[in-house]
Amino acid sequence: MYMAYGWPQVIPLEQGLCPSSQKIIYLKVINGLLLVVSPSHLELWSSSQHKVRLGKHMRDADSLRSQGENLQAVWSPDAKFIALLTSSFFLHLFKVQFSEKKIQLGGGKQPSAVYLATISPLLTEQVPFAHKDITLSNIVSDSKHMLLGLSDGSLYSISWKGEFYGSYELDPIPRGGPLSHSLDNGVATKGVPGTIPANKCVPAIIQLELCLPLRLLFVLYSDGQLVSCSISKKGLKHPESIKAEKRLGDGDAVCTSVASEQQILAVGTKRGVVELYDFAESASLIRSVSLYDWGYSMEDTGPVSCIAWTPDNSAFAVGWKLRGLTVWSVSGCRLMSTIRQIGLSSVSSPVVKPVNECKFEPLMGGTSLMQWDEYGYRLYAIEERSSERILGFSFGKCCLNRGVSGMTYVRQVIYGDDRLLVVQSEDTDELKMLHLNLPVSYISQNWPVQHVAASKDGMYLAVAGFHGLIIYDIRFKKWRVFGDITQEQKIQCKGLLWMGKIVVVCNYIDSTNTYELLFYPRYHLDQSSLLCRKSLLAKPMVMDVYQDYILVTYRPFDVHIFHVKLFGELTPFTTPDLELSTVRELSIMTAKSHPAAMRFVPDQLPRERISDNHMSNSDPLLKEPARCLILRVNGELSLLDLDDGRERELTDSVELFWVTCGQSEEKSTLIEEVSWLDYGHRGMQVWYPSLGVDPFKQEDFLQLDPELEFDREVYPLGLLPHAGVVVGVSQRMSFSACTEFPCFEPTPQAQTILHCLLRHLIQRDKREEALRLAQLSAEKPHFSHCMEWLLFTVFEADISRQSANKNQSSVPKYAKNSSLLEKTCDLLRNFPEYFDVVVSVARKTDGRHWADLFTAAGRSTELFEECFQRRWYRTAACYILVIAKLEGPAVSQYCALRLLQATLDESLYELAGELVRFLLRSGREYEQASTDTDRQAPSSPRFLGYFGFRSSNRKQSLDKSSSFKEQSAHVASVKNILESHASYLMSGKELSKLVAFVKGTQFDLVEYLQRERFGCARLENFASGLELIGQKLQMSILQSRFDAEFLLAHIRIKDQKVPSDVKATGAQ
């Protein structure tokens, strides 16, 4: 996983002698060097920690005039030679040599240094096809030869010594080979798919893509056809040995790039879509990625212009002709994008932006070339029609439990070339990203960061650069380094593991070309504290640790398991002895791809069985895991039985996984019932143990719980077991007026999995375990939301099952045992959130199914009464509509009147107003329904708005038909309650509450004042009213002034409506 951070770095380039050709023709990174070729000159930069131009070569004006501008270029794999082809078909060969003169960079006692380079010409010669009217493709090469495509459909071979071997006409139509994708791949002349008429001209070759590890050459033609070809062991010297094998795509390909390690081919199309093909499965189409779901079409971005895979082939960058670039994971997660986003599934395209907003967007004019550095920490990109600068985007990588470095899932870390980005979640429930800079004294000499491993509890981080090792204590925020720098320089770390308080280093010994394991205590990094040194047979492919066991796997697939025994106590004051003994060796013969990660899977036993086990724990065979998970390079996840060597395939298309069982010794973890989780293009999947025939049961979050599907902008990093959430990260951009480009900010996000775990336990009748798990998370802020989604998903599944059973007469209507819905409700009854959760789920579902829900959850009137007695009036109000639907309008009217009186007593006037409006409307419809027995009481979901958890601020005045002048039974009841409460407030002179009461319930205060002018609303004169308002309301508060103005306005209106004879009597 790759995530951009910080501001893009700008590398300025010199302007050559060809200002008319505003284009960089070649960009390449090899061995920490960056080569840039423009139409008139070459520049060589360092691609290390400090970006410095090391050398350049400028062609003079005479050479450009007589031999043409630079048209195509290629760099030899050993970075020693550069070949150029000019527009006049001249071949230029250059040699790169480094001088002994070095430049000191950086501060500190030991600054880093780079050496200057000279680019000297070796050969200039005109190629044999110079006089033909022909155009060239790009150039590919191996260590001895170069190959380029011509517009006549032929391939031409040249050696790095300047020898021309001639051309070979490649047949673009595979003879007898299978076609991976037959759509639009030509029209058959005799009904044979995939053939082209013989008289059709061969199109021009516009791009070559060479994959030496797979011995494949991909040839892209100007008509959009893409052909894969096989290469002999002799390499590129003899083009006639290159044979066309398959045709790919829909005939609209414009560029291509291959990931040799994962055997995936990415094909960019004219439609702006990138298609991924799997060569391990007969070049079948895996999936397509594009920005369509983010509101961008091909008209916005243009066709794909370039594709660049990361060095480990786990992600790829896509550049478009008209605008921006994006980085995707293999599973289709959008990791980074320079294009400003407005979210998924946008109706309108966000491409139309004001000029002042778009000027801060990088690569606004499109992307012409891209190149990752050798570590994947930088992505260099060049904008279309630009030759002035290179943009360098900084990337951090996530510890994905791959290879020989282990990583705990409880500590989420992204590491850049000189820093760590750590997710902080201890202090508050909000996740934050902490930038942790490495000590300058260490990283300046050992750049870049190569391995990071977190301890099991996540409180210590081991970090290794090019040499040595450092440890960070998160609790005390301190670094621990080697005191002797000579010892540090002897360590070339190729992998890191944690074994309790011990750091296990996989060290490469350069002098003997061997590997070894070093065991250091975390409290002291020194040769004197080295606990053990274990030589390895070869370079380890993957490694893992569980308790006292270490797994080491060599190529092709030899598994060795060691048991570690410590004699003595590990403290800063003692140096115990450590011994390693081999307990298991396996040699597995398989034709599958190599493992990318292997993790021990402990046996999952109930805690009771573990505590009751009286056998000695000192026996290593009792604790040794008998199984392990294998994630292969091609994404296949399988389970290996270490006893008999059998391997069982589980799933495919997996990018990462976390083994969660047996990883925590505390009982407060929320994921103890889970065996492991994995993530891929299907989303998040969780695996549970089973005591049945099938040892594991898989649940796909994507299918069962749509809310758990991770957004395609969020990539999961790990788990917080005590909170029951998955932690992911997504890209955000912040803009500033003082910078040209935005700042890329990785933002952590959390997504709960608690309701899935609870549903799993309930399905297996583990009610006590489910209750204990729910109690552990009852204080979490997301608990109520999880409970609601648990009940909602179970209820939705129950509705779907009933609908499916209607068409199956053989299915019994009532099951003998309790349904999953009833079990879920029984669990939720143990928590006070139960009443809110039930009614919230009812509001989210169709009222036709409420009877089934409340059959399991309890009678609606009983739930209402319980809320009423607990004085949870807002929750009780939400049940009124359910009661009207299930029990009838008369019962709902009675409950609403009781609740109205209670809310007035508690001064909950907004809720009281909602009850008033419901009573008036439902009462009218009830009276109409009483005259027609065929009509039912209203229960439309539109009334849900009256009982939302948050009241609307809109004030709905009563119309004439619902005014208090109506003397129907339901109006009289409401009127009596409101007038009684108004009299109580007037008698107590509680003017603030009176104002809130009138505003909340729309009570007709003017009419009431007229009727009660000789009663509780009697005033001697207007001045006494002013005096009373001044006494009862705090006029220094703005709201009190508004209340006073409100009352005075009603008093004035009342006074205007009083008859003249009454006024005279009052004056006397």
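Coordinates for the structure precede this section.
Cut-off values and rules
- Residues numbered from 1 in each chain as written.
- Predicted model: local features only at pLDDT ≥ 70, side-chain atom pairs only at ≥ 80, totals over all residues.
- Heavy atoms only, no water.
- Helix = DSSP H or I, 4+ residues; strand = E, 2+ residues; numbered from the N terminus.
- Buried < 20%, exposed > 50% of the residue type's maximum accessible area, 1.4 Å probe, protein only.
- Contact = heavy atoms within 4.5 Å.
- Areas by Shrake-Rupley, 256 points an atom, 1.4 Å probe, with all protein chains shown as cover.
- Pairing = 2+ DSSP bridges.
- Axes fitted to C-alpha atoms, helices over the stretch in contact; angles between N-to-C directions.
- Polar contact = N/O pair within 3.5 Å; in protein donor to acceptor, adjacent residues only side chain to side chain.

A. Main features of the overall build of the protein. Tallying secondary structure elements over the protein gives 24 helices and 55 strands in all. Here the protein holds 1068 residues, and 54% of them are scored as buried. Expressed as a percentage of contacts within the protein between residues at least 6 apart in sequence, the contacts between residues at least 24 apart total 57%. Roughly 48100 Å² of accessible area belongs to the protein as shown, and the carbon and sulfur atoms make up 50% of that amount.

B. Inspection of the sheet that holds strand β7 (residues 70-75) at higher detail. Strand order in this open sheet of 4 strands is β7-β8-β9-β10, and the pairing throughout is antiparallel. Each of the sheet's edge strands pairs with one partner strand only, and the pair in question is β7 and β10 (112-126). Adjacent strand axes in the sheet meet at a mean angle of 25°, parallel and antiparallel pairs treated alike. Strand direction decides the pairing type here: strand β8 (residues 81-86) and strand β9 (residues 90-105), joined by 5 bridges, are antiparallel. Its bridge partner being in β9, L85 is matched across the sheet by L91.

C. Here's a closer look at the side chain of S455. Mapped onto the elements of the fold, S455 is located in the loop between β33 (451-454) and β34 (460-464). By relative accessible area, which is 2% here, S455 ends up buried. A polar contact is formed between the side chain of S455 and the backbone nitrogen of M459, at a distance of 3.3 Å. Non-local contacts of S455, meaning those with residues more than four positions away in its chain, are made with T408, Y460 and W498.

D. Quick look at unusual backbone geometry. Of note, the bond from W447 into P448 is cis; its omega dihedral lies within 30 degrees of zero at 0°. Tracing the sequence through the fold places P448 in the loop between α4 (440-446) and β33. With a phi angle near 60°, R385 is a residue other than glycine that sits in the positive phi range. Structurally, the position occupied by R385 is in the loop between β28 (378-383) and β29 (389-398). Classification of R385 by relative accessible area gives exposed; the value is 58%. Positive phi outside glycine occurs at Q547, with the angle close to 50°. Relative to the elements of secondary structure, Q547 occurs in the loop between β41 (540-546) and β42 (549-554). Residue class for Q547 comes out partly exposed when judged on its relative accessible area of 36%.

E. Examining helix α9 (residues 754-763) more closely. Within α9, 9 of the 10 residues are buried, which leaves the element mostly enclosed by the surrounding structure. Within α9, burial applies to L754, H755, C756, L757, L758, R759, H760, L761 and I762. Taken from the residues just after α9, D765 is the one with a positive phi, measuring 60°.

F. Layout of the environment of E209. You can see E209 is positioned in strand β15 (residues 205-211). Along the backbone, E209 and V219 are 10 residues apart, and their C-alpha atoms lie at a distance of 6.7 Å. Setting aside residues no more than four positions away along its own chain, E209 makes contact with V140, L216, L217, F218, T256, S257 and V258. Polar contacts involving the side chain of E209 include one to the main-chain amide nitrogen of V258, which spans 3.5 Å.

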